[in-house]
Amino acid sequence: MSKRQLAMVIDLNKCLGCQTCTMACKTQWTNRSGRDYMYWNNVETAPGKGYPKMWMESGGGFDAEGALNAGRIPSLENDYGAPFDLNFESALGMAGAAEQGNRPWLRPAQNPAYGPNWDEDEGAGEYPNSYYFYLPRLCNHCSNPACVKACPRKAIYKREEDGIVLVDQSRCRGYQHCVAACPYKKVFFNPALGRSEKCIFCYPRVEQGTAPACARQCPGRVRFVGYLDDENGPVARLVNKHKVALRLREDFGTQPNVYYVPPLSPPKYDARGEITDEPRIPLEYLVKLFGPSVPHVLETLRTEMEKKKTGQSSELMDILIAYRHEEMFTLGAPAERQKT
Amino acid sequence: MKALLAATLIAALSLASVPPGAAADRGMEELKKQSAVIGARFVKGPLPIDPSDSGWDGAASTTLTLYPQVSVTPGAAIAPRISSLTVRALYTNTNVALRLEWPDDSPSLERGIGRFVDAMAAQWPAKHGKGIALPYIGMGEPGAPVEIDFWRAGGKVESLVAEGFGSLGPRDAPNAEVRAEWKDGAWRVVIIRTLRFPPTAMMPVAFAIWEGSAAHRDGAKLLSPWSFITFENTAPDKEYVHGLLWNPRGQPDPAKGRQVMEEAGCPACHAYPGVETSNGVGPDLTYAGGVHHPAYLRESIRKPSSFIVPGDGHATMEGKKKVSVMPDSGLTDESIRRIVDYLLTLH
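Quick notes on the rules
Residues numbered from 1 in each chain as written. Chains lettered and ligands numbered in written order. Predicted model: local features only at pLDDT ≥ 70, side-chain atom pairs only at ≥ 80, totals over all residues. Heavy atoms only, no water. Phe/Tyr/Trp six-rings, centres within 6.5 Å; stacked < 30°, edge-to-face > 60°. Helix = DSSP H or I, 4+ residues; strand = E, 2+ residues; numbered from the N terminus. Buried < 20%, exposed > 50% of the residue type's maximum accessible area, 1.4 Å probe, protein only. Lys NZ or Arg CZ within 6 Å of the ring centre and 35° of its normal. Core = buried A, V, L, I, M, F, W, Y, C linked by side-chain atoms within 4.5 Å. Contact = heavy atoms within 4.5 Å. Arc of directions from axis to C-beta. Salt bridge = Lys/Arg side-chain N within 4 Å of Asp/Glu carboxyl O. Polar contact = N/O pair within 3.5 Å; in protein donor to acceptor, adjacent residues only side chain to side chain. Nonpolar A, V, L, I, M, F, W, Y, C, P; charged D, E, K, R; others polar. Pairing = 2+ DSSP bridges. Axes fitted to C-alpha atoms, helices over the stretch in contact; angles between N-to-C directions.

> For this particular structure, what's the right way to read the packing of aromatic side chains?
Each aromatic ring pair is summarised here by two numbers: the centre-to-centre distance and the angle between the ring planes. According to the stated counting rule, one finds 22 aromatic pairs over all chains in the structure shown. Judged by centre distance (6.0 Å) and plane angle (35°), the rings of A:Trp55 and A:Tyr184 are tilted. Placement of A:Trp55 in the loop between strand S2 (42–46) and helix H2 (76–80) and of A:Tyr184 in the loop between helix H5 (177–181) and strand S6 (187–190) is noted, with a sequence separation of 129 residues between them. For A:Tyr184, a relative accessible area of 1% corresponds to the buried category. Ring centres of B:Tyr136 and B:Phe307 lie 4.7 Å apart, and the angle between their planes is 50°; on these two criteria the pair is classed as tilted. Note that B:Tyr136 is positioned in the loop between strand S5 (119–125) and strand S6 (146–152) and B:Phe307 in the loop between helix H6 (294–302) and strand S14 (315–318), a separation of 171 residues in sequence. Of the two residues examined, B:Tyr136 and B:Phe307, each falls in the buried class. Each residue in the set A:Tyr37, A:Tyr39, A:Tyr51, A:Tyr80 and A:Phe188 is aromatic and connected to the rest through ring pairs, giving one cluster. Just above the ring of A:Tyr227 sits the side chain of A:Arg4; from NZ or CZ to the centre is 3.9 Å.

Following this line, the structure appears as structure tokens:
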């Protein structure tokens with residue numbers, strides 16, 4: 001456990017799956033040097049297979065006694081999806097300009113077997129009761145990180161000052177135990193450099209008082225970032241005061257520090273097309289993801305929304321609406337950080 | 001020209017220091033029964049880095065057995081993945097060359113996500129000699145470092161140093177060169193490293209190989225016991241050899257040792273042939289006699305806390321002191337000797 005802990009809260013009711021976070025992360029960190037297959041941040045459709053494929057069933061994390069569970073290293077082709085090129089030249093290039101009518105469709109030059117966002121918007125359920133929501137995922141900078149535990153070289157460490165979990169590139173020897181051990185599959189092996197890499201919570205930005213790229217670039221104002229011990233910050237208020245931000249798969253035992261406000265959903269239709277009391281997204285599915293307090297949290301959200309609708313004040317709704325983007329981030333100025 | 005002359009002179013001087021055919025020492029015969037002894041042949045010319053060089057034809061071969069590493073997790077499967085490693089050695093006055101050869105039907109050459117390559121390491125004690133205990137076979141121990149020349153398919157040699165599992169780091173003065181070749185179902189790897197000619201005229205060395213196809217990496221590897229390189233023109237120091245021997249005069253009594261182990265309750269925590277009740281807390285002893293030097297086995301029974309292999313559940317803290325979960329047996333030296341007699345049969 002570190003002295004302080006940075007955390008992120010992601011409001012799933014506001015995420016519209018635009019992938020701006022994904023691209024902000026990719027262009028900043030993973031578009032080069034063996035990282036092209038990696039998505040330190042991804043947004044997947046839930047329910048769905050996720051990225052990497054079926055990560056939730058890939059093992060890792062801790063058992064009830066606190067021992068590491070065996071985990072699986074995903075395959076590049078079948079689970080992450082190997083990066084591919086498109087046939088730009090034959091489909092769009094100048095060479096075939098004379099035969100405009102006979103150009104092939106623009107398509108991957110190699111047939112991909114999987115990829116991030118492979119099952120986008122598929123979701124589950126039968127029309128008209130089909131449903132899905134978007135689930136943004138990144139390294140959880142866990143308080144009990146399985147990757148740290150699994151590394152025999154102690155190459156992975158958790159920073160005292162903010163709890164960010166980092167892979168020491170000079171100690172890593174590419175054994176990939178961490179890749180298997182992370183139940184969220186958010187440690188990646190860089191085959192070009194022979195070492196493991198992962199989300200660094202944009203620590204060079206954080207050290208300057210700027211939020212991680214995925215959070216700062218989010219046009220939907222979905223992500224809050226701050227210290228859990230900063231009682232007045234929106235993160236601590238959502239997690240500890242209002243208790244509406246929940247951990248994803250807490251049962252993996254790693255104590256993740258990315259929290260989610262679970263999604264409300266429209267009601268189901270019955271066979272005659274009448275609206276029922278039942279939510280479109282099955283509660284048991286949300287409970288599996290975010291734990292037993294989901295029904296209570298959804299009730300709180302409904303109550304507070306109702307207050308706002310009827311002109312009463314609601315601190316919770318004011319936080320979640322996020323009137324000012326910069327108020328979602330309480331990182332402290334660089335000088336203030338140095339004192340801590 | 002001057003340099004060449006000087007080199008020749010040094011060669012001539014050291015050649016003269018020991019008369020060939022020194023009286024055969026019984027100690028050496030005993031050591032050969034106990035450990036692999038690799039006879040290095042002296043050559044005047046440059047040492048052959050090419051594994052196919054005909055220069056290797058003249059070197060005698062020694063075959064070592066490799067055992068799965070099971071003392072720390074993650075280790076190698078205890079299943080019978082035992083390989084044999086054939087070693088040849090040549091030397092000059094400044095360098096020693098080893099050629100390692102082991103069978104491998106399907107070489108693993110490309111490293112990737114969840115894919116591991118074949119690899120090899122030679123391990124040398126940073127210090128050795130009369131009165132100096134051999135470092136723990138698994139990458140040395142605190143205070144007894146080992147130098148490691150590590151090669152991985154597709155890579156260059158890495159010069160490393162370690163003082164126990166998990167402590168591997170780069171060595172200040174790299175002094176090794178490696179060339180490898182896979183041909184006809186076998187790896188052949190040549191290591192040349194500088195040789196500070198040991199005053200004891202015998203060099204301890206141990207080897208490890210990793211089979212990429214078995215997802216070997218890290219502690220999941222096949223390991224040789226400490227073995228010894230002798231040098232054609234220099235007889236090993238008798239006292240040094242004698243100090244490495246186990247029970248040189250007494251009669252070994254492994255059956256008695258096995259009985260003592262049962263009475264002392266060893267099978268509660270350790271698995272070994274015929275034991276089915278072990279709780280797996282202690283390391284598997286199936287190959288204990290193959291991997292470990294007898295002096296280490298004796299020490300680890302006599303003073304379990306004197307060196308504790310890193311890993312969960314091996315030790316508890318008593319104040320600031322790390323104490324092995326293996327209890328002090330309270331056994332007599334005689335009983336411990338019998339146990340070691342028995343463990344040495346496990347290989």
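That was the structure; now back to the text.
> What should I look at first to understand the nonpolar core in this one?
Most often, soluble globular proteins keep nonpolar side chains buried together rather than apart. Grouped together as the largest cluster of nonpolar side chains are 88 residues, with contacts concentrated most on A:Met8, A:Val9, A:Phe133, A:Leu238, A:Phe290 and A:Leu301. Ranked by residues supplied to this core, first place goes to strand S1 (residues 6–11) of chain A with 5 residues. For A:Leu238, the residues in contact, after removing those within four places along its chain, are A:Val9, A:Phe224, A:Lys243, A:Val244, A:Ala245, A:Leu316, A:Ile319 and A:Leu320. Core analysis: the second largest hydrophobic core is formed by 33 residues, B:Tyr136, B:Met139, B:Leu160 and B:Met202 among them.

> Quick question: what am I supposed to make of the side chain of B:Ser324 here?
Residues and elements named next belong to chain B. By the element assignment, Ser324 lies in strand S15 (residues 321–324). Its relative accessible area of 12% is what places Ser324 among the buried residues. Contact partners of Ser324, with chain neighbours within four places excluded, come to Pro304, Ser305, Ile308, His314 and Ala315.

> Whenever I open this one, helix H9 (residues 283–290) of chain A confuses me. Can you help?
Side chains of residues three or four places apart in an α-helix project in the same direction, reflecting 3.6 residues per turn. Residue and element names in this part refer to chain A. Taken together, the buried positions of H9 are Tyr285, Leu286, Leu289 and Phe290. Each buried residue of H9 lies within a common arc of 105° when the element is viewed along its axis, so the set occupies one face. Those residues of H9 that are buried lie in contact with S2, strand S3 (133–137), strand S9 (246–247), strand S10 (258–261) and helix H10 (294–309). The first or second residue beyond H9 is Gly291, which carries a positive phi of 95°.

> How should I be thinking about the interface of chain B and chain A in this particular structure?
Tallying the contact residues gives 17 residues for chain B and 17 residues for chain A. For the interface between chain B and chain A, the tally reads 1 salt bridge. A salt bridge links A:Arg173 to B:Glu158; its shortest N-O distance comes to 3.0 Å. For the pair chain B and chain A, the interface holds 10 residue pairs in polar contact (both at pLDDT 80 or more). Grouping the amino acids of the side of chain B that touches chain A by side-chain chemistry returns 6 nonpolar, 4 polar and 7 charged.

> Is there a simple way to explain the environment of A:Pro282 in this structure?
Residues and elements named next belong to chain A. Mapped onto the secondary structure, Pro282 falls in the loop between strand S12 (275–279) and H9. With a relative accessible area of 23%, Pro282 lands in the partly exposed category. Taking the C-alpha atoms as reference points, Pro282 and Leu12, 270 residues apart in sequence, are found 15 Å from one another.

> Can you help me understand the sheet that holds S10(A) in this one?
By definition, the strands of a sheet pair up through backbone hydrogen bonds, in either a parallel or an antiparallel sense. Residues and elements named next belong to chain A. Pairing is mixed across the open sheet formed by 5 strands, whose spatial order is S9-S10-S1-S8-S13. Bordering the open sheet on either side are S9 and strand S13 (329–330), each of which pairs with just one other strand. Where S1 and strand S8 (residues 223–227) come together, 5 bridges link them in antiparallel fashion. Pairing of Val9 across the sheet is with Phe224, part of S8. Set on the sheet, helix H8 (residues 234–241) makes contact with S1, S8, S10 and S13; between it and S8 the angle comes to about 90°.

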